[in-house]
Amino acid sequence: MCGAYNVINNPFTESITTELGVPAVETRGIRTPASMIQIVTEDRQGRYLEEAKWWLLLGPDGKPNYQYATFNSRYDKLFSSRLTKGLFQTSRCLMPASSFIEGQDKQYHEITSERGALALAGIYKTYQIAGETLTTASIITCPGNAKLEAIHRKSIPLMIDVDDTDLVDMWLDPGMTNSEAFRPLLNEKIPFNLVATPIQGARNLAPRDEPIEVTADE
């Protein structure tokens, strides 16, 4: 699972938002489930960087429904879950990030791409509660990759290569309702080279060892 990611407004994350055609993200530091994040969405008028709560399912009061952990959406549930099936067809988004943080066996790593930032793929939902429009989002997680066995064996977040403009256009297009076209993305493959830095703790990004290079899969 992806339980935390970092957002810093710097040239690396700006290179991501520039490719996506949206304003630069705000520096908000480590984002954790149920915190406010910024997501990239699209409609017929264009693309937007908008506010969202990182927890897909809300209760009638507009607060996160903690009965279900919906900050992540598993790849193998996207086509079958009543919550995610329709959203995966029409409401896909991207989360610009400086890095994401994974923990296993009480050891933590900060992971980013070689360019120093990445776009995490997700789905979003809008609610009308007490006259207010609320947007929520969830990161899609895929099977674990053997190259990350010692870092996080269970899963990896779905990462979209922003340089693949055709894929980005398809992903963000709400008119692209054939979600089956995205099934080939929902696997364990790493789409581009990553750098995993051992860090002091889940919320302490100070390095504790040298970075580890993780090469992309063919």
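A.B. asks: Explain the overall build of the protein chain to me, please; I cannot follow it from the model alone.
C.D. replies: Helix and strand content of the protein chain: three helices and 15 strands. For a compact globule of 218 residues, the expected C-alpha radius of gyration is about 17 Å, and the protein chain comes in at 16 Å, within 12% of that figure. Projected onto the principal axes, the alpha-carbon positions of the protein chain cover approximately 50 × 35 × 35 Å. By residue count, 49% of the 218 residues in the protein chain fall in the buried class. Counting only contacts in the protein chain whose residues sit at least 6 apart along the sequence, the fraction spanning at least 24 positions is 63%. Here the protein chain has roughly 10,500 Å² of accessible surface; of this, 49% comes from carbon and sulfur atoms. A distance of 10 Å separates the average location of the 21 positive side-chain charges in the protein chain from that of its 28 negative side-chain charges.

A.B. asks: Help me understand the pairing of strand 13 (residues 194–201), please; the structure alone is not making it clear to me.
C.D. replies: Looking along a regular strand, one sees the side chains alternate between the two faces of the sheet. In terms of burial, strand 13 is a largely internal element, six of the eight residues being buried. As paired elements, strand 13 and strand 15 (residues 212–214) share three bridges and run antiparallel to each other. Bridge assignment links L194 to a residue of strand 15, and that residue is V214. Of the strand pairs in this sheet, strand 13 and strand 14 (residues 204–207) are connected by two bridges, and their pairing is antiparallel.

A.B. asks: Got a minute to help me understand the nonpolar core in this structure?
C.D. replies: Counting residues in each nonpolar core, the largest one holds 56 residues, and the members touching the most others are Y5, F88, L94, M95, L120 and W171. If near-sequence neighbours (up to four positions away) are discounted, M95 is found in contact with Y5, I37, Q38, I39, L118, A119, L120, A121, G122, A137, S138 and I139.

A.B. asks: Please explain empty space enclosed by the protein as it appears in this structure.
C.D. replies: Over the atoms, a rolled probe matching the size of one water molecule traces out where space is still vacant. In this structure the tally under the stated criterion is one cavity of 30 Å³ or more. Roughly 40 Å³ of internal volume is contained in the largest cavity. Surrounding the largest cavity, Y5, V7, V25, E26, R28, R31, I37, Q38 and P96 form its lining. The set of elements that each furnish at least two residues to the lining of the largest cavity consists of strand 1 (5–7) and strand 3 (36–43). Looking at the lining of the largest cavity, its residues break down into five nonpolar, one polar and three charged.

A.B. asks: Help me understand the environment of E51 in this model?
C.D. replies: With respect to the helices, strands and loops of the structure, E51 is situated in strand 4 (residues 46–53). A relative accessible area of 35% places E51 in the partly exposed class. The sequence separation of E51 and V40 amounts to eleven residues, and the corresponding C-alpha distance is 9.1 Å. Discounting residues that sit within four places of it in the chain, E51 has contacts with R28, M36, I37, Q38 and T135. A distance of 2.4 Å separates the side chain of E51 from the side chain of R28, its partner in a polar contact.

A.B. asks: Is there a simple way to explain the layout of surface pockets in this structure?
C.D. replies: Put simply, the largest pocket is a space of about 450 Å³. If you go around the largest pocket, you meet 20 residues; those closest to its centre are A69, N72, S73, R74 and K77. Elements with a minimum of two residues in the lining of the largest pocket: strand 5 (72–74) and strand 10 (132–143). For the lining of the largest pocket, a count of residues per class yields ten nonpolar, seven polar and three charged.

A.B. asks: Looking at this structure, I do not really get unusual backbone geometry. What am I missing?
C.D. replies: Leave glycine aside and you will find that most residues have negative phi; peptide bonds, for their part, are mostly trans. Of note, the phi angle at A34 is positive, near 80°, even though the residue is not glycine. Along the chain, A34 falls in the loop between strand 2 (29–31) and strand 3. Using a relative accessible area of 17% as the deciding quantity, one classes A34 as buried. Within the chain, A130 stands out as a residue other than glycine whose phi angle is a positive 55°. Note on placement: A130 falls in the loop between strand 9 (118–129) and strand 10.

What counts, and at which threshold
Residues numbered from 1 in each chain as written. Predicted model: local features only at pLDDT ≥ 70, side-chain atom pairs only at ≥ 80, totals over all residues. Heavy atoms only, no water. Helix = DSSP H or I, 4+ residues; strand = E, 2+ residues; numbered from the N terminus. Rg over C-alpha atoms; globule rule 2.2 N^0.38 Å. Buried < 20%, exposed > 50% of the residue type's maximum accessible area, 1.4 Å probe, protein only. Contact = heavy atoms within 4.5 Å. Areas by Shrake-Rupley, 256 points an atom, 1.4 Å probe, with all protein chains shown as cover. Lys, Arg positive; Asp, Glu negative; His and termini not counted. Charge placed at Lys NZ, Arg CZ, Asp CG, Glu CD. Pairing = 2+ DSSP bridges. Core = buried A, V, L, I, M, F, W, Y, C linked by side-chain atoms within 4.5 Å. 1 Å grid on protein atoms, 1.4 Å probe; cavity = no way out; pocket = protein on both sides within 12 Å on 5 of 7 lines; lining within 4 Å. Points joined across faces, edges and corners; volume = space filled by probe spheres on them. Nonpolar A, V, L, I, M, F, W, Y, C, P; charged D, E, K, R; others polar. Polar contact = N/O pair within 3.5 Å; in protein donor to acceptor, adjacent residues only side chain to side chain.

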